[in-house]
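Structural description and commentary
One letter stands for each residue in the lines below.
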Amino acid sequence: MEKACKGWEILNADDFRDINPGDRILMGPGPSDVPARTLQAIAAPCIGHLDPYFLAIMNEAQQLLRYLFQTENELTIPVSGTGSAGMETCFVNLVEPGDEVAVCINGVFGTRMADIVTRIGGKLIRIDAEWGTTIDPEALRQAIKDRNPKVVAVVHAETSTGACQPLEELARISHDAGALFLVDAVTSLAGMPVAIDDMKIDAVYSGTQKCISGPPGLSPVSFGPAAVKALERRKSPVVSWYLDLSMVRDYWGSERKYHHTAPINMIYGLREGLRLIAEEGLEQRFERHRLNHRALVAGLEAMGLAMLVPESIRLPMLNAVRIPDGVEDINVRKVLLNQYGIEIGGGLGQFAGRVWRIGIMGQSCRRRNVFLLLAALETILKTEGYHVQPGALDAATAVYDQVC
Ligand SMILES: *Cc1c(COP(=O)(O)O)cnc(C)c1O
């Protein structure tokens, strides 16, 4: 029997309500809270992508991105897509089939980079470190000593573990081997220094929804002179048409050669988010992240909770804390969201069910949020039967008191 009507034919527009997600405080691994000014900028009229007004906005967004990356790199643009599109952009433009690529892996995002390298025909050299630790420079040196890697890739801020990778030594080893140094700065950018010229980073990608505090959808990418040269000397065309920077750069450059339509309103939003960052000042912003991080950790530890990674390699903006035995991961996060409006992240990969990932990124990185989360967690953990030690809020207060 044939049905009288197909499902789509009986759709009633009145069944769909206005979008109203309600109040949330985003303290997970991204997205972070988006400032009202950024949302307002996104709501400005959509105009033509070759309209002189919009072309000026594009130039300003690039100028602001160079400020954030602390770079002179001409080829600095927001790629149309989330952080993963930026990751793919870097690899597809720098790697040709048969090229050797060394990827440092100490968490989920290193694993993804390795996956991309093999998909595009690169020869993968893996440098693995235990998740929650950092890559030992000596391990990189050994892994590439008799090889000829074109690129060495590493994640600056491993969002799956909260570990911060020191870059200086890895950059030196990579360059000594004649390789380009490629860095994932998705979570680190705008929350800690990512000064790519000083740090000798040849290519970098990031994302808008972490410490920049925009909605997800754009991926700032920057290529230095050596990476641009590698792009120009390719023997084969870039395997992705959409992410081919040799064409995309002619659109963002003075030629304005149409490639794909820039996501106009998203670029308004990025420009506003970056303008807010410039108004605050980079050093002030980094200090704000360090301070709120110290207060948050002081509070969590006072409660009796344990951080996943040692203090010396802790990221300020992403705090992985061990879930105590007997406490139900999903339950705690559900109550946090439903009763307090606070979102935190669960563990990824081997840390699923074992850690919470608390983000204090960009707009979400505020004293108010640190106190709200500590107070809420204290209450919820008690009802979960965990013996909460007293004094979390006092411990956080003491950290803030040291500075004012
Ligand atoms: C979030 C993240 C990505 C991926 O970004 P999407 O915007 O989710 O595509 C890549 N690397 C790191 C380190 C991240 O934290």
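Predicted model, so just to flag it, every value in this text is computed and none were measured.

Our next topic: the site of the ligand. With respect to spatial proximity, 13 residues lie near the ligand, and among them Thr82, Ser84, Thr159, Asp184 and Lys210 are the closest. Thr82 is positioned with one of its side-chain polar atoms (N or O) 2.7 Å from an oxygen atom of the ligand. Contacts to the ligand include Ser84, whose side-chain N or O atom sits 2.5 Å from an oxygen atom. Those elements that place two or more of their residues in the shell around the ligand are α3 (83-94) and α4 (108-119). Within the shell around the ligand, the residues separate by chemical class into four nonpolar, six polar and three charged.

Let us look at the packing of helix α5 (residues 137-144) against helix α6 (residues 168-176). Packing of α5 against α6 leaves a shortest axis separation of 9 Å and a crossing angle of 15°. By the angle class used here, α5 and α6 are roughly parallel. As α5 runs across α6, the sense of the crossing is right-handed. Counting all contacts with α5, which are made through Pro137, Leu140, Arg141 and Ile144, the residues of α6 involved are Glu169, Leu170, Ile173 and Ser174. Across the contact of α5 with α6, the residue classes break down as five nonpolar, one polar and two charged.

Moving on: the domain arrangement of the protein chain. Assigned domains of the protein chain: these are domain 1 (36-279) and domain 2 (281-401). Taking both partners together, domain 1 and domain 2 bury about 2,100 Å²; carbon and sulfur atoms supply 67% of that area. Put simply, domain 1 and domain 2 have zero salt bridges between them. Across the contact surface, domain 1 and domain 2 share nine residue pairs in polar contact (both at pLDDT 80 or more). Contributions of two or more residues to the side of domain 1 that touches domain 2 are made by α2 (52-69), β6 (157-158), β7 (163-164) and α9 (264-280). Of all the elements, α9 adds the most residues to the side of domain 1 that touches domain 2, at three residues. Within the side of domain 1 that touches domain 2, the residues separate by chemical class into 14 nonpolar, 12 polar and three charged.

Within the secondary structure, Lys210 sits in the loop between β9 (203-205) and β10 (218-223). When neighbours within four sequence positions are excluded, Lys210 is seen to be in contact with Pro29, Gly30, Ser32, Val186, Thr187 and Met361.

Conventions used here
- Residues numbered from 1 in each chain as written.
- Predicted model: local features only at pLDDT ≥ 70, side-chain atom pairs only at ≥ 80, totals over all residues.
- Heavy atoms only, no water.
- Near = heavy atom within 4 Å.
- Polar contact = N/O pair within 3.5 Å; in protein donor to acceptor, adjacent residues only side chain to side chain.
- Helix = DSSP H or I, 4+ residues; strand = E, 2+ residues; numbered from the N terminus.
- Nonpolar A, V, L, I, M, F, W, Y, C, P; charged D, E, K, R; others polar.
- Axes fitted to C-alpha atoms, helices over the stretch in contact; angles between N-to-C directions.
- Parallel < 35°, antiparallel > 145°, perpendicular 65-115°, else oblique.
- Left-handed = near helix turned anticlockwise from the far one by under 90°.
- Contact = heavy atoms within 4.5 Å.
- Domains from an automatic or database assignment.
- Buried area = accessible area lost by both parts, 1.4 Å probe.
- Salt bridge = Lys/Arg side-chain N within 4 Å of Asp/Glu carboxyl O.

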